[in-house]
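Report on the structure
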Amino acid sequence: FGITGIAPEANISAVSFDEGWDTEHTAKKIMTAANKLGAGDIMLLEIHRPGPRYNFELRDDQKGFIGIEWWPDDLRAIQYAVSKGIIVVEPAGNGEQNLDDNIYDLNPEPPYGPFPSWWQNPFRRNLIDSGAILVGAGAPPPGTHGRNHGPDRSRLNFSNFGSALDVQGWGEEVTTTGGKPDGYDLFRGDGVNQWYTDYFSGTSSASPIVVGVIACIQGIVRAKNKNPFSPLKIREILRNTGSPQQGSSHMPAT
């Protein structure tokens, strides 16, 4: 009933985006979560949202979806959490987007904007930085579960990319609790609490892997009776010590 997980002794809880995925509601829920956490704790945002590439269209293929820090309300909420010393881990999104593209510098027109005058594209990380760790999706080692998605740590085609991304995790073949309706269940027992899959995917599977890594790092620090690392220090550690991304024939490392 459960799986061991990456950091099995972590204390976990959740705040649901049950009121909707619009920026007003998600920002409030991020604030709610931040007020329950303290310095050194970790917040995972399991969400992305349709961006301006396809005029904010809610598409089944998720093309054009981006990380939610691009919206001012969510940006401010994330910055609030980071200011408390909370490490915020954010999926970059499954939209096949280059987040360095100039389209993300543009303040949107009504009805999706305009954003406040102070807003600037946080993906640039120059004048405005959310402080979050932005996660892309990479390929697991070839042969994992008998499947091949390209060279280990090569970018998966659906993953957003760009200079703002800090790290990647597996975007395919992730084993976890829960089931999927497409036949990739490991086990489907008596009720959903006994469902398992080895096919969790997307930047939504990559990001919790990174959360598990951070939880282990913070656990080591706390076990030594030292103060937990700050959000920016954790981001620096991940960027400086992670294994380099590899290229493939259709997804260059650049």
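A brief look at the structure comes next.

Conventions adopted
Residues numbered from 1 in each chain as written. Predicted model: local features only at pLDDT ≥ 70, side-chain atom pairs only at ≥ 80, totals over all residues. Heavy atoms only, no water. Helix = DSSP H or I, 4+ residues; strand = E, 2+ residues; numbered from the N terminus. Expected span 1.5 Å × (residues − 1). Buried < 20%, exposed > 50% of the residue type's maximum accessible area, 1.4 Å probe, protein only. Arc of directions from axis to C-beta. Contact = heavy atoms within 4.5 Å. Pairing = 2+ DSSP bridges. Salt bridge = Lys/Arg side-chain N within 4 Å of Asp/Glu carboxyl O. Axes fitted to C-alpha atoms, helices over the stretch in contact; angles between N-to-C directions. Parallel < 35°, antiparallel > 145°, perpendicular 65-115°, else oblique. Left-handed = near helix turned anticlockwise from the far one by under 90°. Phe/Tyr/Trp six-rings, centres within 6.5 Å; stacked < 30°, edge-to-face > 60°. Lys NZ or Arg CZ within 6 Å of the ring centre and 35° of its normal.

Helix length check: helix 1 (residues 23-34), at 12 residues, gives a terminal C-alpha distance of 16 Å against a target of 16 Å (1.5 Å per residue), a fit within 8%. Within helix 1 the residues assigned to the buried category are Thr 26, Ala 27, Lys 29, Ile 30, Ala 33 and Ala 34. The arc that holds every buried residue of helix 1, seen down its axis, measures 165 degrees, which confines them to one face. Where helix 1 is buried, its residues touch strand 1 (42-44), strand 2 (49-50) and helix 2 (72-83).

Turning next to the pairing of strand 5 (residues 133-138). Within strand 5, 6 of the 6 residues are buried, which leaves the element mostly enclosed by the surrounding structure. The side-chain alternation of strand 5 yields two buried faces, one formed by Ile 133, Val 135 and Ala 137 and the other by Leu 134, Gly 136 and Gly 138. With 3 bridges connecting them, strand 4 (residues 87-91) and strand 5 associate as parallel partners. Counterpart to Val 89 in the pairing with strand 5 is Ile 133. In this structure, strand 5 lies alongside strand 6 (residues 167-170), joined through 4 bridges in parallel fashion.

Here the focus is the side chain of Ser 154. Locating Ser 154 in the fold gives a position in the loop between strand 5 and strand 6. Residue class for Ser 154 comes out buried when judged on its relative accessible area of 1%. Other than its neighbours up to four places away in sequence, Ser 154 contacts Ala 137, Gly 138, Ala 139, His 149, Gln 168, Gln 246, Gly 247 and Ser 248.

Opposite charge on two side chains permits them to pair, given that their charged atoms come into close proximity. Under the defined criterion, the tally for this structure stands at 16 salt bridges. As a salt-bridge pair, Asp 61 and Arg 59 come within 2.8 Å of each other at their nearest N and O atoms. Note on Asp 61: relative accessible area 39%, which makes it partly exposed. Between Asp 166 and Arg 239 there is a salt bridge whose closest N-O contact spans 2.6 Å. With Asp 166 in the loop between strand 5 and strand 6 and Arg 239 in helix 4 (residues 231-241), this pair connects stretches of sequence that are 73 residues apart. Among the charged side chains, a network of salt bridges with common partners joins Arg 125, Asp 129, Asp 166, Arg 235 and Arg 239.

The next point concerns the packing of helix 3 (residues 203-223) against helix 4. The description of two packed helices rests on the angle between their axes and on the distance between the axes. Helix 4 packs onto helix 3 with a crossing angle of 110 degrees between their chain directions and a minimal axis gap of 12 Å. By the angle class used here, helix 3 and helix 4 are roughly perpendicular. Judged by the sense of rotation from one axis to the other, the crossing of helix 3 with helix 4 is right-handed. Packed against helix 3, whose contacting residues are Val 210, Val 213, Ile 214, Ile 217 and Gln 218, the element helix 4 presents Ile 234, Ile 237 and Leu 238 at the interface.

What the rule picks out here adds up to 9 aromatic pairs. Taking 6.2 Å as the distance between ring centres and 35 degrees as the angle between the ring planes, the aromatic pair formed by Phe 56 and Trp 70 counts as tilted. In this pair, Phe 56 is assigned in the loop between strand 2 and strand 3 (65-66) and Trp 70 in the loop between strand 3 and helix 2, connecting sequence segments 14 residues apart. No difference in accessibility class separates Phe 56 from Trp 70, as the two residues are buried. Ring geometry for Phe 56 and Tyr 112: centres 4.3 Å apart, planes at 25 degrees, overall stacked. One end of the pair, Phe 56, is in the loop between strand 2 and strand 3; the other, Tyr 112, is in the loop between strand 4 and strand 5, with 56 residues separating them in the sequence. When its relative accessible area of 15% is taken as the criterion, Phe 56 is described as buried. Taken together, the aromatic side chains of Phe 56, Trp 70, Trp 71, Tyr 104, Tyr 112, Phe 115, Trp 119 and Phe 123 make up a single cluster linked through ring pairs. Between Arg 49 and the ring centre of Trp 71, over which it is positioned, the NZ or CZ distance is 4.7 Å. Note that Arg 155 overlies the ring of Phe 161, its terminal NZ or CZ placed 3.9 Å from the centroid.

Any functional reading would require information beyond the geometric quantities listed.
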